[in-house]
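Descriptive analysis of the structure
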Amino acid sequence: MTIRDIVKLPDPMLRQVSKPIATVDADTRRLLDDMLGTMYDAPGIGLAAIQIGVPLRAIVIDLAKETEEKKPLFLINPEVVWSSEEQSDYEEGCLSIPDYYDMVTRPAEVKLRYRDRQGEAQELHANGILSTCIQHEIDHLNGVLFIDYLSKLKRDRVVKKFAKAQKLGKL
Ligand code: K1U
Ligand code: ZN
């Protein structure tokens, strides 16, 4: 397992739409292991492959607390097949936009189809923080960032701050 660099705003790679994974094989599992190690190292609760510069539709999530046993979830080619009318608010963060948090409103519950680490088709009904995290990560697969849900004024301020940090070599 290799801990990889996390791609940060304003890198245009974060706006790419990731491609489906045709076959779940040893290369895919190596990618998932690198993603999981990178996420634990950051630390974070989720990571999409594009965040380590790989434009493929793969996500890792682990909501276990530091004191709990690790419980990784691997989502390959996830598709939301239903989302609730009910909405929920959560203060989101992003490993590609470090140290910036803001409130985002999303559907409270989602149902999804995906392939697991073995390539088996699975379904999942998620609520609470898992639902929020899954939606945040699927957005990454489509080149969408949580700051896109904020006002243009706020978003422009964040992008400007990170563009300046990058220019000064502080990212
Ligand atoms: O996709 C990412 O950039 C990871 C992101 C996931 C996420 C967080 C909050 C709401 C939605 C999605 C993070 O993991 S940010 C860091 C974070 O939330 C965290 C870090 C350490 C302990 C607990 C949480
Ligand atoms: Zn993110």
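Look above for the structure.
Because the structure is predicted, anything quoted here is derived from the model rather than measured.

Taken as a whole and assessed by the stated rule, the structure comprises nine salt bridges. Among the ionic pairs, Arg15 bridges to Asp148, the shortest N-O distance being 2.7 Å. One end of the pair, Arg15, is in the segment before helix 1 (26-41); the other, Asp148, is in the loop between helix 2 (128-141) and helix 3 (152-167), with 133 residues separating them in the sequence. Between Glu92 and Arg106 there is a salt bridge; the shortest N-O distance is 2.7 Å. Of the two residues, Glu92 sits in strand 4 (residues 87-92) while Arg106 sits in strand 5 (residues 102-107), which places them 14 residues apart along the sequence. When sorted by exposure, Glu92 lands in the same class as Arg106, which is buried.

What follows is about the state of the cysteines. Covalent bonding between the sulfur atoms of two cysteines defines a disulfide. Tallying each qualifying case throughout the model produces zero disulfides. Unpaired in terms of disulfides, Cys133 finds its nearest cysteine sulfur in Cys94, a separation of 10 Å.

Another aspect to go through is the site of ligand 1. The environment of ligand 1 is formed by 13 residues, the closest being Ile45, Gly46, Gln51, Leu95 and Glu137. At 3.2 Å from an oxygen atom of ligand 1 is found a side-chain nitrogen or oxygen belonging to His136. Relative to its free-state accessible area of 530 Å², ligand 1 is covered by the protein chains to the extent of 80%. Because more than half of its atoms lie within 2 Å of the grid, ligand 1 is assigned to the largest pocket. Residue assignment for the shell around ligand 1 shows that the elements contributing at least two residues are strand 4 and helix 2. In terms of residue count, the dominant contributor to the shell around ligand 1 is helix 2 (three residues).

Okay, the sheet that holds strand 1 (residues 46-48) next. Strands sit in the order 1-2-3-6-7 across an open sheet of five strands; the sheet is antiparallel. One side of each edge strand has no neighbouring strand; the edge strands of this open sheet are strand 1 and strand 7 (121-126). Neighbour to neighbour, the strand axes of the sheet diverge by 40 degrees on average, direction disregarded. Two strands pair when backbone bridges link them, and strand 2 (residues 58-61) and strand 3 (residues 73-83) are joined in this way by four bridges, in the antiparallel orientation.

Two numbers describe a pair of aromatic rings. These are the distance of the centres and the angle of the planes. Applying the stated criterion across every chain yields a total of one aromatic pair. Note on Tyr100 and Phe146: the rings are 6.2 Å apart at their centroids and 25 degrees apart in plane angle, and the pair reads as stacked. Of this pair, Tyr100 sits in the loop between strand 4 and strand 5 while Phe146 sits in the loop between helix 2 and helix 3, and the two are 46 residues apart along the sequence. Each member of the pair, Tyr100 as well as Phe146, is classed as buried. Directly above the ring of Tyr40 sits Lys70, whose terminal nitrogen or CZ lies 4.7 Å from the centroid.

Criteria and cut-off values
- Residues numbered from 1 in each chain as written.
- Chains lettered and ligands numbered in written order.
- Predicted model: local features only at pLDDT ≥ 70, side-chain atom pairs only at ≥ 80, totals over all residues.
- Heavy atoms only, no water.
- Salt bridge = Lys/Arg side-chain N within 4 Å of Asp/Glu carboxyl O.
- Helix = DSSP H or I, 4+ residues; strand = E, 2+ residues; numbered from the N terminus.
- Buried < 20%, exposed > 50% of the residue type's maximum accessible area, 1.4 Å probe, protein only.
- Disulfide = S-S within 2.5 Å.
- Near = heavy atom within 4 Å.
- Polar contact = N/O pair within 3.5 Å; in protein donor to acceptor, adjacent residues only side chain to side chain.
- Areas by Shrake-Rupley, 256 points an atom, 1.4 Å probe, with all protein chains shown as cover.
- 1 Å grid on protein atoms, 1.4 Å probe; cavity = no way out; pocket = protein on both sides within 12 Å on 5 of 7 lines; lining within 4 Å.
- Sits in = over half its atoms within 2 Å of the grid points.
- Pairing = 2+ DSSP bridges.
- Axes fitted to C-alpha atoms, helices over the stretch in contact; angles between N-to-C directions.
- Phe/Tyr/Trp six-rings, centres within 6.5 Å; stacked < 30°, edge-to-face > 60°.
- Lys NZ or Arg CZ within 6 Å of the ring centre and 35° of its normal.

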